[in-house]
Amino acid sequence: MDKMDHINIQQVLEQTVQETVSEAEKGEVASYIPELARQDKRRLGISVCLKDGTLLSAGDAHLPFTLQSISKIFSLMVALCEHGERYVFERVGKEPTGDPFNSIIKLETIKPHKPLNPMINAGAIAVAGMIPGATVEKRLEKIMRLLRKMTGNPELRVNYDVYQSEKQTADRNRALAYFLKESKILSGDVEETLDLYFRHCSIEVTTVEVARLAAILAADGYDIVSGEQLLPREVARICKTFMVTCGMYNASGEFAIDVGIPAKSGVAGGIMASVPQRMGLGVFGPALDEKGNSVAGVKLLQRLSDMWDLSIF
Ligand code: DON
């Protein structure tokens, strides 16, 4: 890409953010985690990390927000790197659910009682249980180390207020976790595993960092900035596949048709989208639709996908 292309992309990003920001009126910020309810719903920002590592941003790209469910991709990466595919998928499935992200119903009705995939809360809590270490801090450090390396930001940290806010109100996640313990999917101290899960959901980022993470996934685990292969290709491939089939929860099918980019959303309003071999996108817009995805964020990605022909299908 030459400089002209970069100027063009920058203009498109700025204009599209401006045209899309009003979509936020159709959604609401998440309120079941009280600290998230304080976010300003009219924010919208985007960063793009191109194949050559160039970063371009528009709108509220420098506002911090928490990864929430986007972090499920990175805990899965750590579990796959620590234990391999066989161990992980003996404990969590590979199938989309069609249910909301915090649903409990299929956990009981499907036998054996393993969570259907690692992107729903039950599955991500099972994955958190697989991350080894003597203390919660040491277990979290494994995820933080990977994220710091991938984002190039050594200062990455957990937002303590969001973490506490979720921990104090997480009765549904607690119910899921204890059910998993009874079904022998989780072993060890359930509260410690939940604590790890709440903490990794509360890791704070900006769209710039999310775009970098997305770009590394788009490049099959290779980081153009450091010149290093940061993840095995196979792990990147599995994560991107889950992003297509389950990344936008029970809106994944609709998103695949309307946008067509492997993507993962979080209830703080973030979306990480990886266009294979082309670019990584990080989006932030805290107003959510009824399924928990950023309303303006999805629309922004749809418009860019149409304009730049980004659909993988
Ligand atoms: O466990 C929860 O409910 C949150 N920490 C994460 C959920 C989430 O981001 C779902 N996203 N759309």
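Residues numbered from 1 in each chain as written. Predicted model: local features only at pLDDT ≥ 70, side-chain atom pairs only at ≥ 80, totals over all residues. Heavy atoms only, no water.

Looking at an unreviewed UniProt entry, one finds the protein chain named Glutaminase and attributed to Brevibacillus borstelensis AK1. For the protein chain, the Catalytic activity (unreviewed entry) comment in UniProt is given as "L-glutamine + H2O = L-glutamate + NH4(+)". (UniProt positions renumbered as here; feature names shortened; annotations may be inferred.)

(A) Broad picture of the nonpolar core. Of all hydrophobic cores here, the largest spans 65 residues; its most connected members are Ile 73, Phe 74, Met 77, Met 150, Leu 217 and Met 272. Listed by contribution, the elements that provide at least two residues to this core are helix H2 (71-83), helix H3 (85-91), helix H5 (121-128), helix H6 (136-151), helix H8 (171-182), helix H9 (190-201), helix H10 (207-218) and helix H11 (233-246). Both of domain 1 (26-67 + 206-305) and domain 2 (69-201) provide at least three residues apiece to this core. Once residues lying within four places of it in the same chain are set aside, the contact partners of Ile 73 are Met 119, Leu 217, Cys 239, Met 243, Lys 264 and Met 272. (Core = buried A, V, L, I, M, F, W, Y, C linked by side-chain atoms within 4.5 Å. Buried < 20%, exposed > 50% of the residue type's maximum accessible area, 1.4 Å probe, protein only. Helix = DSSP H or I, 4+ residues; strand = E, 2+ residues; numbered from the N terminus. Domains from an automatic or database assignment. Contact = heavy atoms within 4.5 Å.)

(B) Region of interest: the side chain of Asn 121. Here Asn 121 is to be found in helix H5. With near-sequence residues (within four places) excluded, Asn 121 lies in contact with Ser 69, Lys 72, Phe 101, Asn 102, Asn 173, Leu 176 and Tyr 197.

(C) Focus on a negative patch on the surface. A surface patch of negative charge is lined by Glu 254, Asp 258, Glu 290, Asp 306 and Asp 309. Assignment of secondary structure puts Asp 258 in helix H12 (residues 252-258). (Patch = residues over 30% accessible without salt bridge, like charges linked within 9 Å, V, L, I, M, F, W, Y side chains within 5 Å. Areas by Shrake-Rupley, 256 points an atom, 1.4 Å probe, with all protein chains shown as cover. Salt bridge = Lys/Arg side-chain N within 4 Å of Asp/Glu carboxyl O. Lys, Arg positive; Asp, Glu negative; His and termini not counted. Charge placed at Lys NZ, Arg CZ, Asp CG, Glu CD.)

(D) Here's a closer look at the pairing of strand E8 (residues 270-275). Where burial is concerned, most of E8 is hidden: 6 out of the 6 residues are buried. Of the two faces of E8, both are covered, the one formed by Gly 270, Met 272 and Ser 274 as well as the one formed by Ile 271, Ala 273 and Val 275. Relative to E8, strand E7 (residues 263-265) runs antiparallel, the two being bridged by 3 bridges. Among the inter-strand pairings, Ala 263 is bridged to a residue of E8, identified as Ala 273. Strand direction decides the pairing type here: E8 and strand E9 (residues 279-284), joined by 6 bridges, are antiparallel. By the bridge assignment for E9, Gly 270 is matched with Phe 284. From the end of E8 to the start of E9, which pair antiparallel, there are 3 residues, and Gln 277 there has a positive phi angle of about 65 degrees. (Pairing = 2+ DSSP bridges.)

(E) Local environment of the pairing of E9. With respect to burial, E9 is a largely interior element, 6 of its 6 residues being buried. With burial as the criterion, each face of E9 is covered, one bearing Met 279, Leu 281 and Val 283 and the other bearing Gly 280, Gly 282 and Phe 284. In this sheet, E9 lies alongside strand E1 (residues 45-50) in antiparallel orientation, the contact comprising 6 bridges. Opposite Leu 50, over in E9, you have Met 279 as the bridge partner.

(F) Highlighting unusual backbone geometry. In this structure, Pro 112 follows Lys 111 across a cis peptide bond, with omega equal to -5 degrees. For Pro 112, the location among the structural elements is in the loop between helix H4 (105-109) and H5. Phi is positive for Asp 220, which is not a glycine, with a value near 55 degrees. With a phi close to 55 degrees, Asp 309 is a non-glycine residue in the positive phi region. Residue placement: Asp 309 occurs in the segment after helix H13 (295-308). The class for Asp 309 is exposed, based on a relative accessible area of 59%.

(G) Examining the site of the ligand more closely. In the region of the ligand, 14 residues are neighbours, and Tyr 32, Gln 68, Ser 69, Glu 166 and Tyr 197 sit closest. Between the ligand and the protein, one listed contact pairs an oxygen atom with a side-chain N or O atom of Asn 121 at 3.1 Å. Within the side chain of Tyr 197, a nitrogen or oxygen atom sits 2.6 Å from an oxygen atom of the ligand. In isolation the ligand offers 340 Å² of accessible surface; the protein chains occlude 99% of this area. Taken atom by atom, the bulk of the ligand overlaps the second largest cavity. Within the shell around the ligand, the residues separate by chemical class into 6 nonpolar, 7 polar and 1 charged. There are two domains that each give the shell around the ligand at least three residues, and those are domain 1 (26-67 + 206-305) and domain 2 (69-201). (Near = heavy atom within 4 Å. Polar contact = N/O pair within 3.5 Å; in protein donor to acceptor, adjacent residues only side chain to side chain. 1 Å grid on protein atoms, 1.4 Å probe; cavity = no way out; pocket = protein on both sides within 12 Å on 5 of 7 lines; lining within 4 Å. Sits in = over half its atoms within 2 Å of the grid points. Nonpolar A, V, L, I, M, F, W, Y, C, P; charged D, E, K, R; others polar.)

(H) Highlighting the UniProt feature "binding site: substrate" (unreviewed entry) in the protein chain. Per the UniProt entry, the sites bearing "binding site: substrate" (unreviewed entry) are Ser 69, Asn 121, Glu 166, Asn 173, Tyr 197, Tyr 249 and Val 267 in this numbering. When the annotated set is filtered for residues lining the largest cavity, what remains is Asn 121. Topologically, Val 267 is positioned in the loop between E7 and E8. Excluding its chain neighbours within four sequence positions, the residues that come into contact with Val 267 are Ala 30, Tyr 32, Leu 36, Gln 68, Phe 101, Leu 288 and Gly 292.

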